[in-house]
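Overview (structure and organization)
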Amino acid sequence: MKRYLSPLVLAASLAVAAPAIAADYKIDSTHVHTVFRVNHLGFSTTVGQFDEISGTIQFDQEKPAEGSVDVTIQTASVDTANEKRDEHLRGGDFFDVENHPTMTFKSTAIEVTGEDTAKITGDLTILGVTKPVVLDAKLNKAGAHPMDAERYVAGFSATTTIDRTDFGMD
């Protein structure tokens, strides 16, 4: 039976200090959500998130295929709104946070698929196992920050589906 961590969703709001189209955007931890859904033995779907995410996205609206994504998630920040389950997820059966405190995604290619969409291929590392995945990404909006016109911000959403057993998570 396949078990899925699906989809892994990263919605990020990113900011740079000066108005510019091409820039390295730092993930704004107050506006990022990494959400997952897991089929729980066919009876229900468990939803959770990771609360500590950092990283950068290099993005040029004129040349989006030349960009890059580099994200690090602190595995101990898993949050399913159930502390007992979260402790189990932090243990050796799942994220083994003592030995694997982070999971990462590093892009290797970006294929523009529409005016504001792309497929971002990259290496996802969980439990020290690295596998290629493809994120279906969307540029939500890019422009001057609504409360600080000196800052240029961009928002993105991305999803993917993985089989956690591919990463050694039984």
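The present account deals with the structure reproduced in this document.

This part is about the overall build of the protein chain. Regarding its fold elements, the protein chain presents one helix and eleven strands. When the helices and strands of the protein chain are read in sequence order from the N terminus, they spell out β-β-β-β-β-β-β-α-β-β-β-β. Burial status across the protein chain gives 41% buried among its 170 residues. Residue pairs at least 24 apart in sequence account for 53% of intrachain contacts in the protein chain once pairs closer than 6 positions are excluded.

Attention now moves to the packing of aromatic side chains. For the structure shown, the criterion picks out four aromatic pairs. Their ring planes at 45° and their centres at 5.4 Å tell us that Phe 36 and Phe 50 sit as a pair that is tilted. Taken together, the positions of Phe 36 in strand β3 (residues 33-40) and Phe 50 in strand β4 (residues 44-50) put the pair 14 residues apart, joining distant regions of the chain. Judged on exposure class, the residue Phe 36 and its partner Phe 50 are both buried. The interplanar angle of 85° and the centroid separation of 5.3 Å between the aromatic rings of Phe 50 and Phe 95 together place this pair among those described as edge-to-face. Taken together, the positions of Phe 50 in strand β4 and Phe 95 in the loop between α1 (83-90) and β8 (102-112) put the pair 45 residues apart, joining distant regions of the chain. Per residue, the accessibility class of Phe 50 equals that of Phe 95, and both read buried. Pairwise contacts between aromatic rings join Tyr 25, Phe 59 and Phe 156 into one cluster.

The next subject is the nonpolar core. Ranked by internal contacts, the top residues of the largest apolar core, which has 38 residues, are Phe 50, Phe 95, Phe 105, Ile 120, Leu 124 and Ile 126. Contributions of two or more residues to this core are made by β2 (23-27), β3, β5 (53-59), β6 (68-74), β8, β9 (117-126), β10 (129-145) and β11 (148-163).

With that settled, the discussion passes to unusual backbone geometry. One non-glycine residue, Ala 81, lies in positive phi territory at about 65°. Located in the positive-phi region is Asp 96, a residue other than glycine, with phi close to 45°. The residue Asp 96 is located in the loop between α1 and β8 in this model.

Mapped onto the elements, Val 47 comes out in strand β4. Given the relative accessible area of 46%, Val 47 is considered partly exposed. Considered as a pair, Val 47 and Phe 36 are eleven residues apart in the sequence and their alpha carbons are 5.7 Å apart. Setting aside anything within four residues of it in sequence, one finds Val 47 in contact with Val 35, Phe 36, Arg 37 and Thr 80.

A separate point is the pairing of β2. Because side chains alternate across β2, one face comprises the buried residues Ala 23, Tyr 25 and Ile 27, and the other comprises Asp 24 and Lys 26, none of which is buried. The pairing of β2 with β5 spans four bridges and is classified as antiparallel. Counterpart to Tyr 25 in the pairing with β5 is Ile 57.

Criteria and thresholds
- Residues numbered from 1 in each chain as written.
- Predicted model: local features only at pLDDT ≥ 70, side-chain atom pairs only at ≥ 80, totals over all residues.
- Heavy atoms only, no water.
- Helix = DSSP H or I, 4+ residues; strand = E, 2+ residues; numbered from the N terminus.
- Buried < 20%, exposed > 50% of the residue type's maximum accessible area, 1.4 Å probe, protein only.
- Contact = heavy atoms within 4.5 Å.
- Phe/Tyr/Trp six-rings, centres within 6.5 Å; stacked < 30°, edge-to-face > 60°.
- Core = buried A, V, L, I, M, F, W, Y, C linked by side-chain atoms within 4.5 Å.
- Pairing = 2+ DSSP bridges.

These figures capture arrangement, not role.
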